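Chain and residue survey
Below are the chains, spelled out letter by letter.
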Amino acid sequence: MVVISTFLGEIAPTNARGTIGTINQFGVTSAILVATVFGIPEVIGTCELWHYLLAFPIVLTAIQLVTFPFCPQSPRYLFMVKNDMDGAQKALQKLRGKRDVSEDLAEMSLEKEKQKALRELSLVEFFRDKYLHRPLLITVGLQMAQQLSGINGVFYYGQSIYSTAGLSQPALVALIPAFTNVIMTAVAVKVIDKVGRRSLMLNGLFVMILSYLLLTMGFCFQKGYFGNAKGSNWTAVFTIGGSLGVVIGFAVGPGPIPWMIVAELFPQSARATALAVAGIVNWLCNYIIGQFFRTLMEHTEPYGMLVFVGSCTFFLAFTYLFLPETKGRSIDEIQAYFHGLVDQKRKASSKAPPLLH
C-alpha cells in the first residue's frame, strides 16, 4: 500500500494526481467486492471450500509478477534521487504517451533545485524538521480518520450487524455495501481533480455522521424503542440505508484521500518516511477497530454507532482546520505553502512582547 501510493504520486501529472492516486483505492474496493462475493455460502464460503478462497491471491500475485517488469521506473525518483535525466525523460515519455515532456521535467528541476542541500532524511531528522510538522500532523490525522471512522467495523461485521437487525440472508445483504463501495470510489476517481480533496473529505465525513445516526435508529427500532415498531420494515430501511450511507461517505472521502494525499504533502527527501509513518498509524488503528468493534457493539447496544458519530465529527473539524486544498498545485507550491505558515508563525513570535516575570 505504501509503495503503491508513493509510485502513483510520483508518476502522475499535476492535473491528474488525484485521479491516479485514488485508482489505488478503487483496486482495493474491487478486491473487497470479489472477496465478499466468493465468501458467501452460495459460492465458496463454506467449511469445505474456504481454502480455495484463501489460495485465490496466488493467481493475482502471479499476474503481478509477470507484468511488473513492463512497469516503468518512477521518473521523479530517477531524476531527483539517481540524477538520471535521460532515464527520467524516457520514463515520462512512456507514461505520458508523447515526446514533449519538458513541462514535467521543468517542474522536477525546480523542486530539485530547491532541495539540493537536502538528502534523504533519517527518522530523527524527519521528526525534527519544523517544516514537516504540519504535513505530518495532517497525515496522521487523516490516516486515523480512515480507520477510526468505523468503516472496517461495518465490513468486518456486516453480516453480524444485519443478523442483529433481524434481516434474513445477511450474507447476501452484505453484498450491497460492497457493490456501492466500488461504484462510489469510481465516482471519487472521476471528480477528485475537479471537486478537490478537501471538499470530498469534508462531505464524506458529514455523510458518514448522518448515516451512523440512521444505523442507530435502525437498531433502536429492532429493540422496540419506538412502540410496536420492533421487527418492522423500518429496521431494514434504517439499517441498510445507514450502512450504505456510511460506505458512500467513506468511498468519496476518507477512503481514497488519506493515502493519495501523503505523496502531495511531502518533498522527495521525506516522502518515503512519511508514507511509512502513515502505514504504521493506519494499520494500528485498523487493528484497534478489528479487535474492539464487536465488544463495543455488544456493550453499548443499540447505541454503539454513536461512538463513530463522535469520531467522524472530530475528524470533520480536524479536516476543516488543518487540511489545505492541494488540487491543481505542484509539489513545490504545496511545500511553499507549508514553509510560509512556519515562517509567518516565526515572524509573529519574534514581534511578540517579552513575557513578564
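Residues numbered from 1 in each chain as written. Predicted model: local features only at pLDDT ≥ 70, side-chain atom pairs only at ≥ 80, totals over all residues. Heavy atoms only, no water.

1. Brief notes about the overall build of the protein chain
Here is the rule we go by: A run of DSSP states H or I qualifies as a helix once it reaches four residues; a run of E qualifies as a strand once it reaches two. Both are numbered from the N-terminal end. Here, residues are in contact when the closest pair of their heavy atoms is within 4.5 Å.
Along the protein chain, the regular secondary structure elements total 19 helices and 0 strands. Along the three orthogonal principal directions, the C-alpha set of the protein chain runs to about 70 × 70 × 35 Å. Taking contacts inside the protein chain between residues at least 6 apart in sequence as the whole, the part at least 24 apart equals 77%.

2. Here's the deal with the pattern of salt bridges
Quick note on the threshold: By definition here, a salt bridge exists when the distance from a side-chain nitrogen of Lys or Arg to a carboxyl oxygen of Asp or Glu is within 4 Å. Each residue gets one of three labels from its accessible area relative to the maximum for its type: buried under 20%, exposed over 50%, partly exposed in between, using a 1.4 Å probe on protein chains only.
By the definition in use, this model includes 6 salt bridges. The residue Asp-104 makes a salt bridge to Arg-96 at a minimum N-O spacing of 3.1 Å. By relative accessible area, Asp-104 is classed as buried at 15%. A relative accessible area of 21% places Arg-96 in the partly exposed class. Residues Arg-197 and Asp-193 are paired through a salt bridge, measuring 2.9 Å at the closest nitrogen-oxygen approach. By the burial criterion, Arg-197 is buried, and Asp-193 matches it. If you follow the salt bridges from partner to partner, you end up with Arg-17, Asp-193, Arg-197 and Glu-264 in one network.

3. Overview of the nonpolar core
Our working definition: Take the buried residues of types Ala, Val, Leu, Ile, Met, Phe, Trp, Tyr and Cys, join any two whose side-chain atoms come within 4.5 Å, and each joined set is a nonpolar core.
Of all hydrophobic cores here, the largest spans 51 residues; its most connected members are Phe-126, Tyr-212, Phe-266, Phe-293 and Met-305. With 10 residues, the top contributor of residues to this core is helix α17 (residues 268-300). Aside from chain neighbours lying at most four places away, what touches Phe-266 is Phe-126, Leu-132, Pro-135, Leu-136, Thr-139, Arg-271, Ala-274, Ile-331 and Gln-335. With 9 residues, the next largest nonpolar core counts Met-80, Ala-88, Leu-105 and Met-108 among its residues.

4. Here we look at the side chain of Ser-211
By the secondary structure assignment, Ser-211 is in helix α14 (residues 197-222). Residue classification places Ser-211 among the buried positions, given a relative accessible area of 4%. Those residues in contact with Ser-211 that sit more than four places away from it in its chain are Gly-242, Gly-245 and Val-246.

5. A short note on helix α6 (residues 85-96)
The cut-off we apply is this: Expected span, for any helix, means 1.5 Å times one less than how many residues it has.
For α6, which comprises 12 residues, the first-to-last C-alpha distance of 16 Å matches the rise-based estimate of 16 Å (1.5 Å per residue) to within 8%. Those residues of α6 lying buried are Gly-87, Ala-88, Ala-91, Leu-92 and Gln-93. Packed against the buried residues of α6 are α5 (75-80) and α7 (102-114). Looking one or two residues past α6, Gly-97 carries a phi angle of roughly 70°, positive in sign.

6. Notes on empty space enclosed by the protein
What counts here: A 1.4 Å probe that fits but cannot get out identifies a cavity on a 1 Å grid over protein atoms alone, an open set with protein on both sides within 12 Å along at least five of seven lines counts as a pocket, and a residue lines either if it has an atom within 4 Å of a point. Grid points are joined across faces, edges and corners, and a volume is the space filled by probe spheres set on the points. Gly counts as polar in this scheme, as do all residues outside two lists: the nonpolar Ala, Val, Leu, Ile, Met, Phe, Trp, Tyr, Cys and Pro, and the charged Asp, Glu, Lys and Arg.
Throughout the structure, instances matching the rule amount to 2 cavities of 30 Å³ or more. Taken as a whole, the largest cavity holds about 80 Å³ of empty space. Every residue along the wall of the largest cavity is listed here: Glu-10, Ala-12, Pro-13, Thr-14, Arg-17, Pro-75, Arg-76, Leu-92, Arg-96, Asp-104, Glu-107 and Met-108. The set of elements that each furnish at least two residues to the lining of the largest cavity consists of α5, α6 and α7. It is α7 that contributes the most residues to the lining of the largest cavity, 3 residues altogether. Across the lining of the largest cavity, the residue classes break down as 5 nonpolar, 1 polar and 6 charged. The calculated volume of the second largest cavity comes to roughly 50 Å³. If you trace the second largest cavity, you find it lined by Ser-5, Leu-8, Gly-9, Arg-17, Gly-21, Asn-24, Trp-259, Met-260, Ala-263 and Glu-264. In terms of residue count, helix α16 (residues 257-265) provides more of the lining of the second largest cavity than any other element does, 4 residues in total.

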